[in-house]
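Structure at a glance
Single-letter residue listing:
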Amino acid sequence: MKLKKEFFEFFSDIRIDTEANALREKREILVNDIKSKMPQILKDHDINITQSDIRTIDQGSYKYNTTIKSDVVDRDVAVIVSMCTDDMGDPRKFKSYLRDSIDIPSRTVSIKEPCVRASYHDHGIENLHIDLPLYAQIGSDFYLSRGKTNSSNYSWEDADPDGLNKYLCGKINGNDQLRRIICFIKKWRDEKYANANNDHEIPPSIGLTILACKLFSPQSDNEGDADLLALQKTMKAILNEFIVSKTITGEIMSAEISCPLPVRPYTDTFKKMKNSSDSYMIKFYNSLSRAVADLTDAINVESPHDAGVYVQKVLGNDFPIPQKEASYASTRNYREHSFG
Amino acid sequence: MSIREILESYDKITIDQEIVDGIFIFSLFGKQYLYIAPLEDNPSAMAVIFLYNDDGSDIPHIMLKEETFPGVDCIPQGKYRPVCLYEQESIVGAIMPYDAKVRDAIERLIELLSMNEIEKEREFQKEFMFYWNGNSDSHNTHNVYLDQNDSFSEFDVYYGNKSVRLVKRGIQLSDIDDRDKKGRIWTHHVENNAYYIPITDKRGILPPYRGHNWTTQTIKDIVYSEQIEHIDQHTFQVLKNTFPNTQNIIIVFGMELEKIHISFAVKIKCKNIRNHSLLEKIVDDTIDIEQLFTIRKDYYYLCEQIGNDCGLLGKNVLLIGGGSLGSYIAFELVKNGASNLKIYDGDNLEDVNVLRWAYGGIGKGSNKAIALTTMLKSIHPEINIVGINKNINQDSLLIELSFADMIVITVGSSNEQLNINRILVEAGCSIPVIYIWLEEGGINSHILFADYRHAGCFECLYTDIDGNLVNNRARKNTLSISETSIIRNGCGGTRASYGTAVLLRTTSVLLDTIHKFYDGQITQNVLIDISPNCVKISDTPFPMRECNCCGNKKDQSMY
């Protein structure tokens, strides 16, 4: 299979395999602030929680080791508070208590629908945020605090954060090709949606990751893993998950894909995208179709150079294109091999 | 095809001007280039390309200096920067057809200009030290002495006349206390704490080049990055726990680029705040930085640069015998990583020996071990040679056994070899021992590799199948050759004639043997026969279970 070296190089170039020192330090400070300040803030609101009732777990790409380079570092850390049912109250208020525990000048704190976000800026530009989904743990049950500060739409949503981690780690850990394919799909997403104006326009990482885990097609030959083929087959399988309606003239009227969480509450990970605009799903489908077509062309063409050009259309300009064979061959026979 | 036709065959190229035959200005990707075709009457000549009236700050391999063409009126006035298209000596121009040379330069230029950001980053990194030292602010050269690439380290700083030595603590430089007429050559300065920080992830780290100078933020981004962990967690923790006691600091960064390690030093000027950790100084206190012209000079690095086998690095080697063969072997051992060498020899270097002494006439009249010590130390200040002006005896051999990692025996006398062998066997020597000897006449030589934990010792070669002691069975010379190759000096002394080719040949095989041992290819004791035509495992029966030294007295199951 072509482009093995190029896929390997590209993966090395885009992946983040370790939590960087500054990020780790900021996360540790943030978690310490939560554990040290939140119990008192809750106590001021007649909720008795001790430090030992609060725990944090890693979530998202850093947990699954599928992080890729991006302009803004995005870190997910779930905050789980053990409490009794009577203490749960209004989830929006609970999130405001979490916000208050971490609201200091060195970070900007905001309440998002599914989490509290701590953002960090460098010279006025956000370069890092840590999202803190807040869970209430009642016995062995978990509930995610949902809703913005003044939104009328809020709830404690049934959830299973540990179960989701277990599911995805179980799929990804020990399967290096799957891990790479997830990173490539995320890179494709970042390239195609680089100019997106709205978060809901962009296919969510969690949806793409679960789809890739479910539909992953491992591919190898006698020279090892064949990532080009695995990427093409996995993306094609995702494409085939779409239900598409077309007009008589072939114009796409609607495109829909669903990907429920594999654990409670089993909600569709593309729900927000679907609910925001039909056009978002059509764009997603069209972009994916184009990517599958380009990857198919990359597989079918003979020249590694031409294959690289097709893959670059999918994964962006950073994907290395092998030298044209003609130019390589023209100098190959004239290379110096002797030393004095 | 003419050169013009070849250039015009590229859609992306527009010829702006044909200055004279073979010299063009053309446009490509929005910039102009001067193209000088290879001279047809010089078979090794290649095409040369210059970037015209543009500083090429975003293109790798554009030379820093501008070129002028004095006296060449036909070339338009302007700024010309050479484009470095070829690695030095990478192409055999003399065998390349002329058209191919013309095309090759163009193809390389197009490839260079078509690179994506990551490819450009790699190309800039390839020439990191060129850009770093080319943009350095310092008048002094900073010579770095490390003994590894991967761990945080502290340096001692020594100032000389025009250079500064940054010496990792623990490294002893034999010339650091040397003096000249003005006094000490190297003065230990304590006003700058200096540290080595290895970079483990080099992504995004570019050298300073035109318009992209390093700033305090660049240093901060390396040690305190939020996305790419440029320095590992252990180093980061050490930075937090290290408290410099000086206001300014010198940092030497290390980075691996395509199997080559580079080091570059930067002086960091800080606010005068006490009790700040090294990390706090770098992240919070830095006011300004100064790029320092840096050259890595340590023995470890130089060995790495020439592709030395690292098996010998850091090993203590005992060399018994510093005669002709010993002098060649000592020289090569030191150049191959054995920087800790102890040499025993009681003889003096005589006139008659100098033509087969590795250093010629230097040290004539003095003890061979001492002469070797003086010469070998001059190779590099980290080389630690101890010369002992006597032949080794049982007591000293047993003492040395506890310090050495390998023994190399180059004494030619069978009596001495057998005696040493006996002592080592009886002492239960557990380190590798290599016997090397030449036969008279300069044809045959031998190497016996012995690890006494395995079957076989030097005395096996002097033992027949009945267990009787006989002359060396590995000998290839006949008695008549032996007689004609002995030079008698008329007063009872004799000298074997053998020239120097056998010395070089045998030394070379010894280096291969040591390499094979450290590479795990030698797993049992082995006798090697060396001749001008062949190097082979000897057909002499070895080891001998009937040997009275290692065989009959030992566990027979070893045989």
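Residues numbered from 1 in each chain as written. Chains lettered and ligands numbered in written order. Predicted model: local features only at pLDDT ≥ 70, side-chain atom pairs only at ≥ 80, totals over all residues. Heavy atoms only, no water.

A word on the overall build of chain A. Counting its regular elements, chain A contains 13 helices and 14 strands. Each of the three principal axes of chain A carries a C-alpha extent, and together these read 80 × 70 × 40 Å. When the 340 residues of chain A are sorted by exposure, 51% land in the buried category. In chain A, the share of contacts with a sequence separation of at least 24, taken over all contacts with a separation of at least 6, comes to 64%. Carbon and sulfur atoms make up 46% of the accessible area of chain A, which totals about 15,900 Å². Across chain A, 45 positive and 50 negative side-chain charges occur, with their mean positions spaced 1 Å apart. (Helix = DSSP H or I, 4+ residues; strand = E, 2+ residues; numbered from the N terminus. Buried < 20%, exposed > 50% of the residue type's maximum accessible area, 1.4 Å probe, protein only. Contact = heavy atoms within 4.5 Å. Areas by Shrake-Rupley, 256 points an atom, 1.4 Å probe, with all protein chains shown as cover. Lys, Arg positive; Asp, Glu negative; His and termini not counted. Charge placed at Lys NZ, Arg CZ, Asp CG, Glu CD.)

So, on to helix α7 (residues 278-285) of chain B. Residue and element names in this part refer to chain B. The buried fraction of α7 is high, at six of eight residues. Taken as a whole, α7 has its buried residues at Leu278, Leu279, Lys281, Ile282, Val283 and Asp285. Contacts made by the buried residues of α7 are with β11 (187-198), α5 (216-223), α6 (233-241), β12 (249-257), β13 (260-270) and β14 (286-296).

Under the counting rule described, the total for this entry stands at 36 aromatic pairs over all chains. Aromatic side chains Phe128(B) and Trp214(B) sit 6.3 Å apart centroid to centroid with 90° between the ring planes, which places their arrangement in the edge-to-face category. Note that Phe128(B) is positioned in helix α4 (residues 128-134) and Trp214(B) in the loop between β11 and α5, a separation of 86 residues in sequence. With relative accessibility at 7%, the residue Trp214(B) sits in the buried group. Of note, Arg92(A) hangs over the ring of Tyr154(A), and the distance from its end group to the ring centre comes to 3.6 Å. (Phe/Tyr/Trp six-rings, centres within 6.5 Å; stacked < 30°, edge-to-face > 60°. Lys NZ or Arg CZ within 6 Å of the ring centre and 35° of its normal.)

Quick look at the sheet that holds strand β2 (residues 23-28) of chain B now. Residue and element names in this part refer to chain B. Ordered in space as β1-β2-β3-β4-β5, the five strands form an open sheet in which the pairing is antiparallel. Of all the strands in the sheet, just β1 (14-20) and β5 (80-82) have a single pairing partner and so form its edges. Across the sheet, the axes of successive neighbouring strands diverge by a mean angle of 30°, strand direction being ignored. Sitting on the sheet, helix α2 (residues 98-113) is in contact with β2, β3 (31-36) and β4 (48-52), with an inclination near 155° to β3. (Pairing = 2+ DSSP bridges. Axes fitted to C-alpha atoms, helices over the stretch in contact; angles between N-to-C directions.)

Moving on, we get to the domain arrangement of chain B. Residues and elements named next belong to chain B. Here chain B is partitioned into domain 1 (3-114), domain 2 (137-303) and domain 3 (304-558). Here the C-alpha centre of domain 3 lies 43 Å away from the C-alpha centre of domain 2. By the criterion of area lost to domain 3, the three top residues of domain 2 are Ser174, Tyr299 and Cys303, representing 51% of everything that side buries. Inspection of the region where domain 2 meets domain 3 yields zero salt bridges. At the surface where domain 2 touches domain 3, the tally comes to 19 residue pairs in polar contact (both at pLDDT 80 or more). Secondary-structure elements contributing two or more residues to the side of domain 2 that touches domain 3 are β13 and α8 (299-305). No other element matches α8, which puts five residues into the side of domain 2 that touches domain 3. Of the residues contributing to the side of domain 2 that touches domain 3, the split by class is 10 nonpolar, four polar and four charged. (Domains from an automatic or database assignment. Buried area = accessible area lost by both parts, 1.4 Å probe. Salt bridge = Lys/Arg side-chain N within 4 Å of Asp/Glu carboxyl O. Polar contact = N/O pair within 3.5 Å; in protein donor to acceptor, adjacent residues only side chain to side chain. Nonpolar A, V, L, I, M, F, W, Y, C, P; charged D, E, K, R; others polar.)

So, about the environment of Leu257(B). All names here are of chain B. Along the polypeptide, Leu257 turns up in strand β12. For Leu257, a relative accessible area of 9% corresponds to the buried category. Measuring from C-alpha to C-alpha, the distance between Leu257 and Glu127 comes to 9.6 Å, with 130 residues separating the pair along the chain. Beyond its immediate chain neighbours, meaning those up to four positions away, Leu257 contacts Gln125, Phe128, Lys202 and Ile262.

All names here are of chain A. Formed by 58 residues in total, the largest nonpolar core has its most connected members in Phe284 and Leu315. Put simply, the parts of the chain that give this core at least two residues each are α1 (4-14), α6 (161-172), α7 (176-192), α8 (205-215), α9 (227-240), β14 (252-256), α11 (278-300) and α12 (304-315). The leading source of residues in this core is α11, at 11 residues. Among residues more than four places away in sequence, those in contact with Leu315 are Phe7, Phe10, Phe184, Lys187, Trp188, Glu191 and Leu231. (Core = buried A, V, L, I, M, F, W, Y, C linked by side-chain atoms within 4.5 Å.)

It is worth spelling out the pairing of strand β15 (residues 316-320) of chain B at this point. Residues and elements named next belong to chain B. Counting buried positions along β15 gives four out of five residues, so the element sits mostly inside the fold. Strand direction decides the pairing type here: β15 and strand β16 (residues 340-344), joined by five bridges, are parallel. Pairing of Asn316 across the sheet is with Asn340, part of β16. Since β15 and β16 lie parallel, the crossover through helix α9 (residues 324-335) that links them has a hand, and here it is right-handed. (Right-handed = clockwise from strand over helix to strand, strands pointing away.)

In this section: the packing of α7(A) against α12(A). Residue and element names in this part refer to chain A. Remark: α7 packs on α12, axes separated minimally by 7 Å, with the N-to-C direction vectors making an angle of 70°. For the element pair α7 / α12, the angle class is roughly perpendicular. On the side of α7, the interface is formed by Phe184, Lys187, Trp188, Glu191 and Lys192, while α12 contributes Lys313, Val314 and Leu315. For the contact of α7 with α12, the class distribution of residues is four nonpolar, no polar and four charged. (Parallel < 35°, antiparallel > 145°, perpendicular 65-115°, else oblique.)

How big an interface is tends to be reported as the loss of accessible area on association of its parts. Residue and element names in this part refer to chain A. By the assigned domains, chain A splits into domain 1 (16-159) and domain 2 (165-327). Between domain 1 and domain 2, the C-alpha centre-to-centre distance is 30 Å. Counting residues at the interface gives 19 residues for domain 1, matched by 14 residues for domain 2. Taken over both partners, the interface formed by domain 1 and domain 2 buries close to 1,300 Å², and the fraction arising from carbon and sulfur atoms is 54%. It is Tyr64, Thr66 and Ile68 in domain 1 that bury the most area against domain 2; as a group they hold 47% of the surface buried on that side. At the boundary of domain 1 with domain 2, the tally comes to three salt bridges. Note that Asp158 is salt-bridged to Arg264, the shortest N-O span being 3.4 Å. Our enumeration of links across domain 1 and domain 2 arrives at seven residue pairs in polar contact (both at pLDDT 80 or more). When the residues that make up the side of domain 1 that touches domain 2 are grouped by side-chain class, the tally is five nonpolar, six polar and eight charged.

Overall, the coordinates contain 52 salt bridges over all chains when judged by the stated rule. Close ionic contact of Asp100(A) with Arg99(A) constitutes a salt bridge, the shortest N to O distance being 3.2 Å. Overall, Arg99(A) belongs to the partly exposed group, its relative accessible area being 24%. Of the charged contacts, one joins Arg108(B) and Asp104(B) as a salt bridge, the two residues approaching to 2.9 Å between their closest N and O atoms.

Turning next to the state of the cysteines. The term disulfide refers to a covalent linkage connecting the sulfur atoms of a pair of cysteines. All names here are of chain B. All told, the structure shown has zero disulfides over all chains when counted by the stated rule. Just so you know, Cys547 is unpaired, no disulfide at all, and the nearest cysteine sulfur is the one on Cys457, 3.7 Å from it. We classify Cys547 as buried; its relative accessible area is 0%. In this structure Cys549 is not part of a disulfide, and its nearest cysteine sulfur, from Cys457, lies 4.0 Å away. You can call Cys549 buried: its relative accessible area is 5%. (Disulfide = S-S within 2.5 Å.)

The next point concerns helix α11 (residues 394-401) of chain B. Residues and elements named next belong to chain B. Among the residues of α11, Ser396, Leu397, Glu400 and Leu401 are the ones counted as buried. The arc that holds every buried residue of α11, seen down its axis, measures 140°, which confines them to one face. The elements touched by buried residues of α11 are β15, β16, β18 (406-409) and α12 (414-426). For α11, the side-chain oxygen to backbone nitrogen distance between the N-cap and Asp395 is 3.2 Å, and the N-cap itself is Asn393. (Arc of directions from axis to C-beta.)

Looking now at the side chain of Thr209(A). As for its position among the elements, Thr209(A) is in helix α8. According to the relative accessible area criterion, Thr209(A) is buried, its value standing at 5%.

Another aspect to go through is the interface of chain B and chain A. Listed per partner, the contact involves 30 residues of chain B and 37 residues of chain A. Between chain B and chain A the total buried area reaches about 2,800 Å² when both faces are included, carbon and sulfur atoms providing 46% of it. Residue Glu226(B) is joined to Lys26(A) by a salt bridge in which the shortest nitrogen-to-oxygen separation is 2.7 Å. If you look at where chain B meets chain A, you find 17 residue pairs in polar contact (both at pLDDT 80 or more). At the level of elements, α2, α3 (117-126), α5 and α6 of chain B are the ones that each hand at least two residues to the side of chain B that touches chain A. Classifying every residue of the side of chain B that touches chain A gives 11 nonpolar, six polar and 13 charged.

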